[in-house]
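# Results of the structural survey
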Amino acid sequence: MMGFYYYEKTSPRPVKDGIKAKSRKGSIGQKWWSQKFLDALHEMGMDNRLARGRAYARKGQVINLTIKEGSVQAKVQGSSPKPYSVSIGMQNWDSGQWDRVFEEISSQAIYSAQLLAGEMPSDINDLILKAGLTLFPGTDKDLKTSCSCPGYANPCKHIAAVYYILAERFDEDPFLLFAMRGRTKDQILEELNARRGADDNVSSDASPDIVVRKDPEELTVTGFYSFRSPIEGFKVYPGAEPPVKGLTSKRLSGSPFEAGKKNLADLLLPFYVTAPAFIRRIIHGDEPVSKENS
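Residues numbered from 1 in each chain as written. Predicted model: local features only at pLDDT ≥ 70, side-chain atom pairs only at ≥ 80, totals over all residues. Heavy atoms only, no water.

### Observations regarding the overall build of the protein
The secondary structure content of the protein amounts to 11 helices and nine strands. Considering the protein as a whole, with its 294 residues, one finds that 39% of them fall into the buried category. Expressed as a percentage of contacts within the protein between residues at least 6 apart in sequence, the contacts between residues at least 24 apart total 69%. Per element, the accessible surface of the protein, about 17000 Å² overall, is 52% carbon and sulfur. (Helix = DSSP H or I, 4+ residues; strand = E, 2+ residues; numbered from the N terminus. Buried < 20%, exposed > 50% of the residue type's maximum accessible area, 1.4 Å probe, protein only. Contact = heavy atoms within 4.5 Å. Areas by Shrake-Rupley, 256 points an atom, 1.4 Å probe, with all protein chains shown as cover.)

Quick look at the structure:
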């Protein structure tokens with residue numbers, strides 16, 4: 001007679017400083033691309049298994065998580081004393097596939113401008129589909145996962161918990177989705193700059209806030225905030241209304257300086273958004289500049 005195996009229901013050991021999902025109820029992942037990532041997993045028929053991992057993610061059972069070279073490595077505390085090792089990888093694109101992706105993204109300047117500003121274009125996956133690929137998981141073969149737990153389900157609740165924490169990381173940095181395909185943010189921005197002729201000694205991002213003559217290495221956090229060229233050599237070329245406001249500040253990200261507890265770049269961002277429009281009004285006379293506006 002065939003026996004039946006019974007597994008006693010266990011509770012995970014509490015974790016003191018685990019990574020807790022920010023969402024305490026409802027869906028996890030606030031940005032559309034994070035939701036699209038999780039939706040892709042649901043479409044693969046993982047609903048029941050993902051639900052078990054959601055509770056783990058909210059309890060903070062994920063101890064740590066790193067994304068490196070297109071794969072995720074994490075430790076998840078279960079019921080055993082020793083945390084389980086979780087690995088999640090997505091199929092990396094080869095150089096030819098990446099070339100097709102860059103070709104599509106570079107086809108219109110607005111897409112490059114949005115990515116350079118750290119924003120994910122809403123139709124980015126439509127562009128990638130034109131290259132014969134997809135940014136999000138398509139089938140089970142697109143994912144390679146493992147967990148050191150004794151369970152046989154894939155994904156197990158430990159892997160599923162990491163999926164949810166990963167989705168919230170995507171909220172913070174959309175470039176991590178590209179990292180899962182094998183290219184880092186720096187590599188992507190460098191390639192986009194090269195394809196858009198960014199090394200022609202002119203900083204020009206689609207319809208830029210302000211076009212500034214510069215040396216190629218100056219548009220870095222260090223170079224930008226230590227800019228010491230004489231003011232008479234500082235030339236600007238006001239353009240049309242930019243599709244991405246505050247692009248320079250967004251692209252540079254953090255400043256090496258702080259004011260109180262806030263980063264200087266965060267404090268300056270509103271001025272990078274309003275100043276270009278103010279300058280255009282002065283130069284082009286679109287509307288009178290009053291003392292109140294100045």
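Read on, since the account is not over.
### Side note on the sheet that holds strand S2 (residues 71-76)
One open sheet accounts for four strands, arranged S1-S2-S3-S4; its pairing is antiparallel. Both outer strands of the open sheet, strand S1 (62-68) and strand S4 (143-147), are each paired with one neighbouring strand and no more. Neighbouring strand axes in the sheet, compared pairwise and without regard to direction, differ in orientation by 10° on average. Here six bridges tie S2 to strand S3 (residues 84-90), and the two strands are oriented antiparallel to one another. Within the sheet, the bridge partner assigned to Val72 lies in S3 and is Ile88. Along the sheet face, helix H6 (residues 157-172) touches S1, S2, S3 and S4 and points at about 60° away from the line of S1. (Pairing = 2+ DSSP bridges. Axes fitted to C-alpha atoms, helices over the stretch in contact; angles between N-to-C directions.)

### Looking at the packing of aromatic side chains
All chains considered together, the criterion is met by eight aromatic pairs. Ring geometry for Trp93 and Trp98: centres 4.9 Å apart, planes at 65°, overall edge-to-face. Residue class for Trp93 comes out buried when judged on its relative accessible area of 8%. In this structure an aromatic cluster arises from ring pairing among Trp93, Trp98, Phe102, Phe175 and Phe178. (Phe/Tyr/Trp six-rings, centres within 6.5 Å; stacked < 30°, edge-to-face > 60°.)

### Quick look at the packing of helix H2 (residues 47-59) against H6
With their axes 7 Å apart at the nearest point, H2 and H6 run at an angle of 65° to one another. As judged from the angle between their axes, H2 and H6 are roughly perpendicular. Remark: the crossing between H2 and H6 carries right-handed chirality. Only Lys157, His158, Ala160, Ala161, Tyr163, Tyr164 and Ile165 of H6 make contact with H2, whose side of the interface consists of Arg49, Leu50, Ala51, Arg52, Gly53, Arg54, Tyr56 and Ala57. (Parallel < 35°, antiparallel > 145°, perpendicular 65-115°, else oblique. Left-handed = near helix turned anticlockwise from the far one by under 90°.)

### Description of the packing of helix H4 (residues 109-116) against helix H8 (residues 185-195)
At a closest axis distance of 11 Å, the pairing of H4 and H8 adopts a crossing angle of 145°. Like other packed secondary-structure pairs, H4 and H8 cross with a definite hand, here left-handed. Contact residues: H4 offers Ser112, Leu115 and Leu116, while H8 offers Leu189, Leu192 and Asn193.

### Considerations on the environment of Arg24
Relative to the helices and strands, Arg24 resides in the segment before helix H1 (32-43). As for Arg24 and Arg54, which are separated by 30 residues in sequence, their C-alpha atoms are 9.9 Å apart. At a separation of 2.7 Å, a polar atom in the side chain of Arg24 contacts the main-chain carbonyl oxygen of Arg58. (Polar contact = N/O pair within 3.5 Å; in protein donor to acceptor, adjacent residues only side chain to side chain.)

### Looking at the pairing of S3
Here S3 lies mainly inside the structure; six of its seven residues are buried. Where S3 and S4 come together, five bridges link them in antiparallel fashion. Counterpart to Val86 in the pairing with S4 is Cys147.

### Let's talk about the confidence of the model for the protein
Detailed conclusions should not be drawn from predicted coordinates in areas where pLDDT is low. On average, the protein scores 77 in pLDDT, and the residues at 70 or more come to 71%. The lowest-confidence element of the protein is strand S5 (residues 202-203), averaging 40 in pLDDT; the highest-confidence one is S3, averaging 95. Contacts from residues 1-7, a stretch scored under 50 in pLDDT, to residues over four places away or in other chains number zero contacts. Long-range and interchain partners of residues 198-219, a stretch whose pLDDT sits below 50, account for 58 contacts in this model, where long-range means more than four residues apart. (pLDDT = per-residue confidence, 0-100.)

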